Structure formats: structure tokens, C-alpha cells
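Survey of secondary and tertiary structure
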Amino acid sequence: MKETILLINFKDQQKLRKLKMALLPFKIRLKTVEEKDYCQPVGYLAGVKGMEAVSAPEMQEPSEKLEKEMLILAGITGNLFDQVLYTLRKAGTPVDYKAVLTEHNQNWNCIQLYKELEKEHQMYHGK
């Protein structure tokens, strides 16, 4: 799998452009996920070999709307991982929810991962 960053629910096009420009030197594949693909497994969206798209009837339009932006880092580890996070912070493009693609979450869809991150965020911030 090629190093990939999935960009989910970015409504502010100026912020998205700034984020993409900041990450350009890394030559990482950046993929903006469309709302119609939120029900697909994040591993499939990131290009994990052997993962297939979900077809109807399992796939349906997401009934829930995501409120915040989400970024999923796939195949990015070690020093590169640290550099990417540092660059995002330095560029002034904060993203509320960030996740790393793992064997555990690669079969989740965007909505499931978002809910999990939302739960963790609330626990972390004591809400």
C-alpha cells in the first residue's frame, strides 16, 4: 500500500488547499473522500491490498452527518509520521480527528471510525 492520507469532511476549500500544499513535499498520496463513500471500509479507501468495496445492500447513503474534519494516515510510520504531524501543526491547519489505519480499524467505515474518535475525544477532554 502506498503511503496515503484520507481527507474526510473538509468543507473549507481554502484550508484543504493549504493542507495539501503543506504536505506536497512528502509525495504522499492525498485522497479526498466523498460523502457517498463514507460507508466504504477505510482500508479499501486507502488502497489496502485485498480489501474490496462494499456493495448494496450493505452500502447505503450515510444517515449521519459528520460535524468535524477527519484525517486518516495509512502506511505512514516512524519519522515520516512525526514530520507529517509537525508540518500540519506548523502550517496552521488543525484537524479535529486524526487516526492511523490499523488492522483493527481497516474494516470500519468512515462513520464508525468517526464515532470512535468522537468517543475518545470526549473521554480525553472529560465531557
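For the structure given in this document, a descriptive report is provided here. (Residues numbered from 1 in each chain as written. Predicted model: local features only at pLDDT ≥ 70, side-chain atom pairs only at ≥ 80, totals over all residues. Heavy atoms only, no water.)

**A word on the packing of aromatic side chains**
A full pass over the atoms with the stated rule returns one aromatic pair. Arranged with centres 5.1 Å apart and planes meeting at 65°, the rings of Y97 and Y114 form a pair that is edge-to-face. Placement of the pair is Y97 in strand β4 (residues 97-100) and Y114 in helix α4 (residues 110-124), with a sequence separation of 17 residues. (Phe/Tyr/Trp six-rings, centres within 6.5 Å; stacked < 30°, edge-to-face > 60°. Helix = DSSP H or I, 4+ residues; strand = E, 2+ residues; numbered from the N terminus.)

**With respect to the state of the cysteines**
Counted under the stated rule, the structure contains zero disulfides. No disulfide involves C39; its sulfur sits 8.4 Å from that of C110, the nearest cysteine. (Disulfide = S-S within 2.5 Å.)

**Structural notes on the sheet that holds strand β3 (residues 70-74)**
Strand order in the open sheet formed by four strands is β2-β1-β3-β4, and the pairing between neighbours is mixed. The open sheet terminates on both sides in strands that have one partner only, identified here as β2 (29-33) and β4. Strand-to-strand twist of the sheet, defined as the mean angle between neighbouring strand axes without regard to direction, takes the value 20°. Here strand β1 (residues 4-8) pairs with β3 via five bridges, running antiparallel. Bridge pairing in β3 places L7 opposite L71. Strands in contact with α4 are β1, β2, β3 and β4; relative to β4, the strand with the most contacts, it is inclined by about 115°. (Pairing = 2+ DSSP bridges. Axes fitted to C-alpha atoms, helices over the stretch in contact; angles between N-to-C directions. Contact = heavy atoms within 4.5 Å.)

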